[in-house]
Protein chains: 2
Amino acid sequence: MSRFLFYSPLVTNEVILLSPEESHHLLVERIKPGSSVFLSDGKGNLFRGIYEGEKRGRAQIRVEEKVGEEKRSFDLVVWQAVLKSPSRMDWVVEKLTEIGVSQIGFFSSHRSLKSTIPPEKMERWEKIVLSACKQSGRTIFPDLIFLEQWEDFIFSLSNSPGTVILADPEGNEALWSFLQERKERSFQIVIGPEGDLTREEREEILKKAQGKRIKLSKKILRSETASLFSASVVTSFLEDT
Amino acid sequence: MSRFLFYSPLVTNEVILLSPEESHHLLVERIKPGSSVFLSDGKGNLFRGIYEGEKRGRAQIRVEEKVGEEKRSFDLVVWQAVLKSPSRMDWVVEKLTEIGVSQIGFFSSHRSLKSTIPPEKMERWEKIVLSACKQSGRTIFPDLIFLEQWEDFIFSLSNSPGTVILADPEGNEALWSFLQERKERSFQIVIGPEGDLTREEREEILKKAQGKRIKLSKKILRSETASLFSASVVTSFLEDT
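Residues numbered from 1 in each chain as written. Chains lettered and ligands numbered in written order. Predicted model: local features only at pLDDT ≥ 70, side-chain atom pairs only at ≥ 80, totals over all residues. Heavy atoms only, no water.

Enquirer: Can you explain the nonpolar core? Please cite residues and give values.
Expert: The biggest cluster of nonpolar side chains holds 90 residues, and the ones touching the most others in it are Phe106(A), Leu179(A) and Phe106(B). Not counting the four nearest positions on each side in its chain, Phe106(B) is found in contact with Gln80(B), Val82(B), Met89(B), Val92(B), Val93(B), Ile117(B), Trp125(B), Ile145(B), Phe146(B) and Leu147(B). (Core = buried A, V, L, I, M, F, W, Y, C linked by side-chain atoms within 4.5 Å. Buried < 20%, exposed > 50% of the residue type's maximum accessible area, 1.4 Å probe, protein only. Contact = heavy atoms within 4.5 Å.)

This is the structure in structure tokens:
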């Protein structure tokens, strides 16, 4: 059986109808009415429920009891500039979800070869998030946002908690040694698009969001690789220290 | 122009004919005969040459002088068990090359859902390596190998330099804190297949190759994500310390 089924909000003793996609899992795995199933609301709450049967392709479940609660031990936001390749962005969503970041924020920048994200794409990513969370046993889903206006991105970056790490190939400080000196539990990583951020954009991030210029690697990393590379290193640091 | 063209071996004053694929780059970028081009042999040597023209779809180049030599500052081998999904293995090859590992070794294990790799696949991966090296400016290519027999894998693992990190969700030690205690410049990471290595396989690695059991993350990572996650953390450590 799937590790858990998704429904939100979950309230004990209520009877819910799962989405057709979620209902489908019960069907293909031949779960019998009367069986126990696990439900997550994507916010860290895990419930046990009883599958009562199917109604017009949708599984009916009685929510029985709360069995667990996962809490975030740290916050890691990755801000990824919109990329030209849709498949590389899908990949960023899947991998960052698996690693366990708390928010994936896409933003448009001057050199982004695409500057907008259609609603269907956001829906597709929500499905990727759900599937990756099931895969990796996460009951807290990352927030997924897209900011089309640069000003909105700068505002959100400056007003969110978390030290800002600006991935900058011209930076002097390396990621590992930078992290070793830090005590905080909250970071935001900013990754530019294929042609990187402009000098003006970088200056604005440094000034308005007190960004730290960090050289991620001695190699040139593709934008989406830089996202996963830096999120891996910061996650390893935050989980272990 | 492409950052560099690939040909091996390179010897000053010799005239070479590039492969059709490499020749194609000069053609589409409308490089004129008489122009300077850069050549790499994939072993860290960078040469300057003169493009003399095209003969039956293949570019003729006179190798003029050696202009640079890149040396490895550390060794990092990633041993990745063969995966069911071909695209996920392609992805491992591309990303590990970009990050800058020195060897990508695929091996078959008991629970690998596929156990062999056809020669065409190895050729495809060599092209992915070449393209990723150009992208990331690497003139030393990673070695790419496949060991079909478990005994060959164990032999190679045990007889290669480099502390063996066995990715093991049941391990007690975390990656970041493990690395902080290390002084060596050479590591081998072992990543199991979708269903992970069997207990016997893990025991053999621990015993014969003095492997260290390391818990990469508190999350469950897909096999290919575990490869990239651990290679990122170890690379960050090796480059910065």
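On we go.
Enquirer: Requested: an account of the relation of the copies chain B and chain A, with residues and values cited.
Expert: Here chain B sits on chain A after a turn of 180° about the axis and a move of 0.0 Å along it, with an RMSD of 0.0 Å. As the rotation angle and translation indicate, the two copies are arranged about a two-fold axis. Among all residues of chain B, the one whose C-alpha sits closest to the rotation axis is Val233(B), at a distance of 2.4 Å. The share of interface residues of chain B whose copies in chain A are also at the interface is 100%, consistent with both copies meeting through the same surface. (Least-squares fit on C-alpha atoms with pLDDT ≥ 70 in both.)

Enquirer: Kindly report on the sheet that holds strand β1 (residues 5–6) of chain B, identifying the contributing residues and their values.
Expert: All names here are of chain B. What the 5 strands build is an open sheet, ordered β1-β3-β4-β5-β2; its pairing is mixed. At either margin of the open sheet sits one strand with a lone partner, and together these are β1 and β2 (15–17). Here 3 bridges tie β2 to strand β5 (residues 58–69), and the two strands are oriented antiparallel to one another. Each residue of the ladder has a partner; that of Ile16, found in β5, is Ile61. Docked against the sheet, helix α1 (residues 20–28) engages β1, β3 (36–40), β4 (45–55) and β5, running at close to 90° with respect to β5. (Pairing = 2+ DSSP bridges. Helix = DSSP H or I, 4+ residues; strand = E, 2+ residues; numbered from the N terminus. Axes fitted to C-alpha atoms, helices over the stretch in contact; angles between N-to-C directions.)

Enquirer: Go over the pattern of salt bridges, please, and point to the residues and values.
Expert: All names here are of chain B. According to the stated counting rule, one finds 46 salt bridges over all chains in the structure shown. Among the salt bridges present, the one from Glu94 reaches Lys95, with a minimum N-O distance of 2.8 Å. Residue Glu94 shares its accessibility class with Lys95, and that shared class is buried. Linking Glu98 and Lys95 is a salt bridge whose minimum nitrogen-to-oxygen distance equals 3.1 Å. On the criterion of helical spacing, the pair formed by Glu98 and Lys95 is a turn pair, its members being 3 residues apart in helix α2 (residues 86–99). The buried category is assigned to Glu98, whose relative accessible area is 0%. (Salt bridge = Lys/Arg side-chain N within 4 Å of Asp/Glu carboxyl O.)

Enquirer: Report on the pairing of strand β8 (residues 143–147) of chain B, specifying residues and quantitative values.
Expert: Residue and element names in this part refer to chain B. The pairing of strand β7 (residues 103–107) with β8 spans 5 bridges and is classified as parallel. Residue pairing across strands places Ile104 opposite Leu144, the latter belonging to β8. After leaving β7, the chain enters helix α3 (residues 119–136) and then returns to the sheet as β8, a path that is right-handed. (Right-handed = clockwise from strand over helix to strand, strands pointing away.)

Enquirer: Any details on the interface of chain B and chain A? Residues and values, ideally.
Expert: If you look at the interface, chain B gives 38 residues, while chain A gives 38 residues. There are 10 salt bridges connecting chain B and chain A. With a closest N to O distance of 2.9 Å, Glu98(B) and Arg222(A) form a salt bridge. Seen at the junction of chain B and chain A, the total is 20 residue pairs in polar contact (both at pLDDT 80 or more). Broken down by element, the side of chain B that touches chain A gets its largest block of residues, 11 residues, from helix α7 (residues 223–240) of chain B. Its residues assigned to classes, the side of chain B that touches chain A shows 13 nonpolar, 13 polar and 12 charged. (Polar contact = N/O pair within 3.5 Å; in protein donor to acceptor, adjacent residues only side chain to side chain. Nonpolar A, V, L, I, M, F, W, Y, C, P; charged D, E, K, R; others polar.)

Enquirer: Break down the sheet that holds strand β12 (residues 212–215) of chain A for me, with residues and values.
Expert: Residues and elements named next belong to chain A. Sheet architecture is open: 7 strands sit in the order β8-β7-β6-β11-β9-β12-β10, paired in parallel fashion. Strands at the two margins of the open sheet, each flanked by one partner only, are β8 (143–147) and β10 (173–174). Pairing of β10 with β12, which is carried by 2 bridges, proceeds in the parallel orientation. When the sheet's bridge partners are listed, Glu173 is paired in β12 with Ile214. Along the sheet, helix α3 (residues 119–136) contacts β7 (103–107) and β8; its crossing angle with β8, the most-contacted strand, is approximately 155°.

Enquirer: I'd like a description of α2(B), backed by residues and values.
Expert: Residue and element names in this part refer to chain B. Compared with the 20 Å implied by 1.5 Å per residue over 14 residues, the 20 Å span of α2 between its first and last C-alpha is a close match. Taken across its 14 residues, α2 has 11 buried, putting it largely inside the fold. Taken together, the buried positions of α2 are Met89, Asp90, Trp91, Val92, Val93, Glu94, Lys95, Leu96, Thr97, Glu98 and Ile99. Downstream of α2 by one or two residues, Gly100 has phi in the positive range, about 105°. (Expected span 1.5 Å × (residues − 1).)

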